[in-house]
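Architecture and fold: a report
In case you want the letters, here they are:
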Amino acid sequence: MNILICDDDREIAAAIAVYLQNEGYSTYLAHDGREAISLLEEQEIHLIIMDVMMPRMDGHLATREIRQKRNIPIIMLSAKSEDTDKIMGLNLGADDYVTKPFNPLELIARVKSQLRRYTSLGSIPGAKSEGVYTVGGLSLNDSQKTVNLDGEDIRLTPLEYKILQLLIRHPGRVFSIDEIYERVWGEDSLGGGSTVTVHIRRIREKIEINPKEPKYLKVVWGIGYKIEKLDSPASC
């Protein structure tokens with residue numbers, strides 16, 4: 001699998017590349033957002049490690065532009081550890097957020113975790129499951145790994161897809177934030193509530209006409225989230 005490392009600190013980028021190469025990954029290096037976007041047009045990339053603070057185009061702007069066309073996992077690196085910075089990165093489309101300085105083994109573990117999810121969604125060869133789940137005009141085809149709303153295809157990131165998949169398979173059932181995190185991320189929640197909330201907000205922006213008054217993805221205050229039970233449109 002091919003991993004793009006984008007960091008203006010060339011020593012950090014090279015060190016990350018060595019660790020990943022030792023795990024059997026192929027790596028490509030970029031040192032600003034523009035360079036990263038150009039590489040994406042030339043190479044098949046399965047995951048991006050994106051620094052935030054860079055010249056020409058920073059990681060936030062690059063992530064926003066990448067998300068307009070691609071759903072590959074993005075792990076954001078930053079020297080800032082405040083929740084507001086993490087939430088900003090997630091809102092722009094990052095799938096995970098690692099604070100500098102970081103333990104290389106932790107970064108590798110997060111890379112493997114994101115690639116497992118990416119593989120499971122069928123974006124690259126991997127396990128596939130069957131089933132079509134439909135609620136109202138919203139449909140998730142788990143064999144093709146697609147989401148459709150009123151006849152229009154909806155582009156979701158791997159994590160957004162996994163959250164929607166979990167909820168739509170059990171319409172009407174309320175999942176707590178901790179349960180969503182543990183099922184989708186595959187690890188103990190331990191403060192992952194804000195991360196889930198950000199991803200839920202992004203899903204709503206894609207599947208709801210009015211995200212502030214959602215038809216499908218509902219909050220049950222003090223408990224969690226659910227996909228509302230709705231009848232599917234009658235076929236002609």
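Position numbers for residues count from 1 along each chain, tracking the sequence in the order it is written. Residue-level local features of this predicted model are given only where pLDDT is at least 70; pairs of side-chain atoms are given and counted only at 80 or more, and the full residue set underlies all totals for whole chains, interfaces and linings. Based on all heavy atoms of the structure, the side-chain values leave hydrogens and waters out of the count.

1. Re the sheet that holds strand β11 (residues 217-220)
Note: strands within a sheet are paired through backbone hydrogen bonds, in either parallel or antiparallel orientation. Note the cut-off: Should DSSP find at least two bridges between two strands, the strands are regarded as paired. Helix numbering and strand numbering both begin at the N terminus, where a helix is a DSSP run of H or I of at least 4 residues and a strand a DSSP run of E of at least 2.
With respect to topology, three strands assemble into an open sheet ordered β10-β12-β11, the strand pairing being antiparallel. Every interior strand has two partners, whereas the edge strands, β10 (175-176) and β11, have only one. Direction of pairing for β11 relative to strand β12 (residues 224-227): antiparallel, over a ladder of four bridges. Bridge pairing in β12 links L217 to I227.

2. Topic: unusual backbone geometry
The peptide bond linking K100 to P101 adopts the cis configuration, its omega dihedral lying at -10 degrees. Structurally, P101 is set in the loop between β5 (96-99) and α5 (104-120).

3. Topic: the confidence of the model for the protein
Low-pLDDT stretches of the model should not have their predicted coordinates read in fine detail. Heads up, the condition is: Confidence per residue, as judged by the predictor, is encoded in pLDDT with a range of 0 to 100. The criterion used for residue contact is that any of the two residues' heavy atoms lie within 4.5 Å.
Per-chain confidence: the protein averages 86 in pLDDT, with 91% of residues scoring 70 or above. Here residues 123-129 is a poorly scored stretch, pLDDT under 50, and it has 15 contacts once near neighbours within four places are set aside; other chains count.

4. Let's talk about the nonpolar core
What counts is decided by this rule: Put simply, buried Ala, Val, Leu, Ile, Met, Phe, Trp, Tyr and Cys residues joined by side-chain atoms within 4.5 Å make one nonpolar core. Only protein chains enter the accessibility calculation, which uses a 1.4 Å probe; a residue is then buried when its area is under 20% of its type maximum, exposed when over 50%, and partly exposed in between.
With 28 residues, the main nonpolar core has L138, V147, I163, L167, I180, I207 and L217 as its most contacted residues. Those elements giving two or more residues to this core turn out to be β6 (132-135), β7 (138-141), β8 (146-149), α6 (158-168), α7 (177-185), α8 (193-207) and β12. Top contributing element to this core by residue count: α6, with seven residues. In contact with I207, other than residues within four places in its own chain, are L138, L149, I154, Y216 and L217. One finds L4, I45, A62 and I74 within the second-largest nonpolar core, a separate group that totals 17 residues.

5. Structural notes on the packing of α7 against α8
Between two packed helices, the angle of one axis relative to the other and the distance separating the axes together describe the packing. The condition that has to hold: For helices, the fitted line uses only the C-alpha atoms of the stretch in contact; every axis is such a line through C-alpha atoms, and the angle between N-to-C directions lies from 0 to 180 degrees. Small angles under 35 degrees read as roughly parallel and large ones over 145 as roughly antiparallel, with 65 to 115 read as roughly perpendicular and the rest as oblique.
Where α7 contacts α8, the axes come no closer than 9 Å and their chain directions differ by 85 degrees. Comparing the axis directions of α7 and α8 gives the class roughly perpendicular. Contacts from I177, I180, Y181 and W185 of α7 reach α8 at G193, T195, V196, T197 and H199.

6. Examining the pattern of salt bridges
Side chains that carry opposite charge are capable of pairing whenever their charged atoms lie near each other. Definition in use: Every case where a carboxyl oxygen of Asp or Glu lies within 4 Å of a side-chain nitrogen of Lys or Arg is listed as a salt bridge.
Inspection of the entire model under this criterion finds 16 salt bridges. Among the ionic pairs, E160 bridges to K206, the shortest N-O distance being 2.7 Å. Placement of E160 in helix α6 and of K206 in helix α8 is noted, with a sequence separation of 46 residues between them. Given a relative accessible area of 1%, E160 falls into the buried group. Look at the salt bridges and you will find they share partners, linking D7, D51 and K100 into a network.

7. Let's talk about the packing of helix α4 (residues 83-91) against α8
Heads up, the condition is: Each helix crossing is assigned a hand: it is left-handed if the near helix lies turned anticlockwise from the far helix by less than a right angle, otherwise right-handed if that turn is clockwise. Charged means Asp, Glu, Lys or Arg here, nonpolar means Ala, Val, Leu, Ile, Met, Phe, Trp, Tyr, Cys or Pro, and polar covers whatever is left, Gly included.
In contact at an axis separation of 9 Å, α4 and α8 are set at 30 degrees when each is read in the N-to-C sense. The angle between α4 and α8 falls in the class roughly parallel. α8 is crossed by α4, and the crossing has right-handed handedness. Facing K86, I87, L90 and N91 of α4, the residues of α8 in contact are S194, T195, V198, H199, R201 and R202. A class-by-class count of the residues in the contact of α4 with α8 yields three nonpolar, four polar and three charged.

8. Comments concerning the side chain of T27
Rules: Here a polar contact is recorded for every N or O atom pair within 3.5 Å, except that within protein the pair must consist of a potential hydrogen donor and a potential acceptor, and residues adjacent in sequence are included only if both atoms are side-chain atoms.
Structurally, the position occupied by T27 is in strand β2 (residues 26-30). Among the polar contacts made by the side chain of T27, one reaches the side chain of Q21 at a distance of 2.7 Å. Those residues in contact with T27 that sit more than four places away from it in its chain are I3, I5, A17, L20 and Q21.

9. Focus on the sheet that holds β7
Reading across the sheet, the four strands line up as β6-β7-β8-β9 and stay open at both edges, with antiparallel pairing between neighbours. Either end of the sheet is taken by a strand with one partner, and the two such strands are β6 and β9 (152-154). Ignoring which end each strand starts from, the neighbouring axes of this sheet average 25 degrees apart. Pairing analysis gives four bridges linking β7 to β8, with the strands arranged antiparallel. Note that in β8 the partner of N141 across the bridge is T146. This element, α6, spans β6, β7 and β8 of the sheet and lies at about 110 degrees to β7.

10. Describing the packing of aromatic side chains
As a reminder of what qualifies: Think of it this way: a Phe, Tyr or Trp ring, Trp meaning its six-membered ring, pairs with another when their centres are within 6.5 Å, and the plane angle makes it stacked under 30 degrees, edge-to-face over 60, tilted otherwise.
This model, assessed by the stated rule, comprises one aromatic pair. Taken together, a centroid distance of 4.7 Å and an interplanar angle of 5 degrees make the contact between Y181 and W185 stacked. One end of the pair, Y181, and the other, W185, are both in helix α7, four residues apart, so they sit about a helical turn from each other. With respect to class, Y181 is no different from W185; both count as buried.

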